[in-house]
Amino acid sequence: MEWEKMPLTVLKFGGSSVADSDRMKHVAQIVKKIRDKGFRVAVVVSAMGNMTDELLALASDVATEQDGREMDQLLATGEQQSVALLALAIKQYGIPAQSFTALQAGIKAKGFPMEGRIYRIEPEMVEKVLNDGKVAVITGFQAITDDGDVITLGRGGSDLSAVALAASLGADSCQLLKDVTGIMTGDPRVVKCARKLGQIGFDECMEMAVQGAGVLQARSVEMAARYDIPLYVGSSFVEEEGTWVMSNPVTEGLIIKAVVHDMKVAKVVLLGVPDIPGVAARLFANLAAKGVGAEMIIQNNMRGGVNDIGFLVKKTHLEVASQVCREMCREIDAQGVSFDTEIARVSIVGAGIANHPEIPSKMFNILAEAGINIEMIASTALAITCVVGSSRAEDAVRELHDHFIDEVAF
């Protein structure tokens, strides 16, 4: 068989999909089924079960301060176990397979520890194995720096590994197989009537991910859109049609696609900032230099030549952000820094929101009638986001889902 002429698909399996030996065998059966249809198959695998969290906890037990380089070295071991075990499981079905670390697969990245950014893939070794008719099983979540160090790609980084490999190998599609049956209109743990989307565009899906939907990593959707790689999100547990993410899917009727919430953010406010040019530039440059991304940036114009600058950060970045802001406060003689961890953001997402001026008013009225106070507001062409108290975030999600999605014919 001329394997190099066969179509190629990249499969990615998350931690729950390969949590134990039985799950490994089940995944091997899925790989066999797709390969038997005449596909070359590359598989990207996460660490087994909750191993990444267990390794993080172990690191906290042995050291009070975490060194980023050593954490990357530690966390990368989880995926290396997974690929070797899965390759062994696949071979049990009579299919040749070979495992690859990020170094062997040629995945290169740079950036901050635990937040690496892929900048090149040299997949010649993987391509040779695929063209020889073998299944290539590759570690997700990790890459190699120019100095030869392991660097991990952040939470959800295995999705990014899979999409990047699909792009570099010229795959027909990238299938992300998880413990969910697809992309939903809301978190089913919060919204009992959440519905599965059959198709969604790259832009809307990316907005959902940015605003806190945990199904896909935003960077992976961005890369899929850049290289026009169709993504399929489905279950590795049950045979049920999932969700396709692609360019310009044909849909009609529904404006709002989903209600998304994010409880893992904190609000930081630099108080009494002198109203002079360049202050904001210095602040956010200093944050970026520490690897801290800021979102929903708002500057309040105040009397007396001073402003307040507020923004959101991931809770995991709050300590670093607070330190940067305190240093900045001393340098520019600002009045102080405040932060709030008891907040969450809630967003409605859908293409065309900007063309419907009634949507913001309706959203704010729904929250007001439910007695939910809004602390911050931001909008894009695809989403409207409100920051609310974390104790009312799930109430806000349910109310908005009831009015924007359940009341509209799907």
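Here the structure is shown first, and the text comes after it.
First things first, this report covers the structure right here in the doc. (Residues numbered from 1 in each chain as written. Predicted model: local features only at pLDDT ≥ 70, side-chain atom pairs only at ≥ 80, totals over all residues. Heavy atoms only, no water.)

Structural notes on the overall build of the protein
Point 1. A tally of helices and strands in the protein yields 12 helices and 20 strands.
Point 2. In terms of overall dimensions, the protein has C-alpha extents of about 75 × 55 × 35 Å along its principal axes.
Point 3. Within the protein, buried positions represent 50% of all 410 residues.
Point 4. Put simply, of all contacts in the protein between residues at least 6 apart along the chain, 75% involve residues at least 24 apart.
Point 5. With 39 positive and 53 negative side-chain charges, the protein shows a separation of 3 Å between the mean positions of the two kinds. (Helix = DSSP H or I, 4+ residues; strand = E, 2+ residues; numbered from the N terminus. Buried < 20%, exposed > 50% of the residue type's maximum accessible area, 1.4 Å probe, protein only. Contact = heavy atoms within 4.5 Å. Lys, Arg positive; Asp, Glu negative; His and termini not counted. Charge placed at Lys NZ, Arg CZ, Asp CG, Glu CD.)

So, the environment of Glu2
Point 1. As for its position among the elements, Glu2 is in the segment before β1 (8–13).
Point 2. Classification of Glu2 as partly exposed rests on a relative accessible area of 46%.
Point 3. In the structure, Glu2 is positioned 363 residues away from Asn365 in sequence and 62 Å away in space, judged by C-alpha atoms.

Quick look at helix α12 (residues 393–406)
Three- or four-residue spacings in an α-helix give side chains the same orientation, since the helix completes a turn every 3.6 residues.
Point 1. Helix length check: α12, at 14 residues, gives a terminal C-alpha distance of 18 Å against a target of 20 Å (1.5 Å per residue), a fit within 8%.
Point 2. For α12, every residue scored as buried is listed here: Ala393, Ala396, Val397, Leu400, His401, Phe404 and Ile405. (Expected span 1.5 Å × (residues − 1).)

Thoughts on the sheet that holds strand β16 (residues 306–314)
Within a sheet, adjacent strands bond to each other through the backbone by hydrogen bonds, running parallel or antiparallel.
Point 1. The sheet built from 4 strands is open, its strands ordered β15-β16-β14-β17 with antiparallel pairing. A single partner strand is all that each edge strand has here, and the edge strands are β15 (295–301) and β17 (336–340). Across this sheet, the average inter-strand angle for adjacent strands is 15°, counted without regard to direction.
Point 2. Relative to β17, strand β14 (residues 265–274) is paired through 5 bridges, and the arrangement is antiparallel. Looking at β17, one finds that Val268 is bridged to Phe339.
Point 3. Across the sheet, helix α10 (residues 318–332) is in contact with β14, β16 and β17; its angle to β14 comes to roughly 0°. (Pairing = 2+ DSSP bridges. Axes fitted to C-alpha atoms, helices over the stretch in contact; angles between N-to-C directions.)

So, the sheet that holds strand β20 (residues 383–389)
Point 1. If you trace the 4 strands from one edge of the open sheet to the other, you get β13-β18-β20-β19, paired in antiparallel fashion. In the strand order of this sheet, the two ends are held by β13 (258–262) and β19 (376–379), each with one partner. Direction aside, neighbouring strands of the sheet carry axes that sit 20° apart on average.
Point 2. Alignment of β19 against β20, held across 4 bridges, turns out to be antiparallel.

Description of the environment of Tyr227
Point 1. Mapping Tyr227 onto the fold places it in helix α8 (residues 218–227).
Point 2. Considered as a pair, Tyr227 and Gly170 are 57 residues apart in the sequence and their alpha carbons are 9.4 Å apart.

A few points about the pattern of salt bridges
Should their charged atoms come close, side chains of opposite charge can pair.
Point 1. Overall, the coordinates contain 22 salt bridges when judged by the stated rule.
Point 2. Between Arg226 and Glu222 there is a salt bridge whose closest N-O contact spans 3.2 Å. Pair noted here: Arg226 and Glu222 are both in helix α8, with a separation of 4 residues, about one helical turn.
Point 3. By relative accessible area, Glu222 is classed as partly exposed at 35%.
Point 4. The closest approach of N and O atoms between Arg345 and Asp262, which form a salt bridge, is 3.2 Å. Note that Arg345 is positioned in strand β18 (residues 343–349) and Asp262 in strand β13, a separation of 83 residues in sequence. Per residue, the accessibility class of Arg345 equals that of Asp262, and both read buried.
Point 5. One connected set of salt bridges, linked through shared partners, spans Lys12, Asp159 and Lys178. (Salt bridge = Lys/Arg side-chain N within 4 Å of Asp/Glu carboxyl O.)

Here's the deal with the packing of helix α2 (residues 51–62) against helix α3 (residues 68–91)
Point 1. The N-to-C vectors of α2 and α3 enclose an angle of 150°; their axes lie 10 Å apart at closest approach. Of the possible angle classes, the one that applies to α2 and α3 is roughly antiparallel. In this structure, the crossing between α2 and α3 has a hand that is right-handed. Two secondary-structure elements touch here, α2 through Met51, Thr52, Leu55, Leu56 and Ala59 and α3 through Met71, Leu74, Leu75, Thr77, Gly78, Glu79 and Gln81.
Point 2. Residues that form the contact of α2 with α3 fall into these classes: 7 nonpolar, 4 polar and 1 charged. (Parallel < 35°, antiparallel > 145°, perpendicular 65-115°, else oblique. Left-handed = near helix turned anticlockwise from the far one by under 90°. Nonpolar A, V, L, I, M, F, W, Y, C, P; charged D, E, K, R; others polar.)

As for empty space enclosed by the protein
Point 1. Per the stated rule, a full pass over the model turns up 1 cavity of 30 Å³ or more.
Point 2. Approximately 50 Å³ is the volume found for the largest cavity.
Point 3. Taken together, Ile183, Cys205, Met208, Ala209, Ala213, Val215 and Leu216 make up the lining of the largest cavity.
Point 4. The residue makeup of the lining of the largest cavity, split by class, is 7 nonpolar, no polar and no charged. (1 Å grid on protein atoms, 1.4 Å probe; cavity = no way out; pocket = protein on both sides within 12 Å on 5 of 7 lines; lining within 4 Å. Points joined across faces, edges and corners; volume = space filled by probe spheres on them.)

Digging into the nonpolar core
Point 1. Counting 50 residues, the largest nonpolar core has Val10, Ile107, Val126, Ile138, Cys174, Ile183 and Leu216 as its most contacted members.
Point 2. Looking at this core element by element, the count peaks at 7 residues for helix α6 (residues 157–169).
Point 3. In this structure, Cys174 is in contact with Val10, Ala162, Val163, Ala166, Ile229, Pro230, Leu231 and Tyr232, ignoring residues within four places of it in sequence. (Core = buried A, V, L, I, M, F, W, Y, C linked by side-chain atoms within 4.5 Å.)

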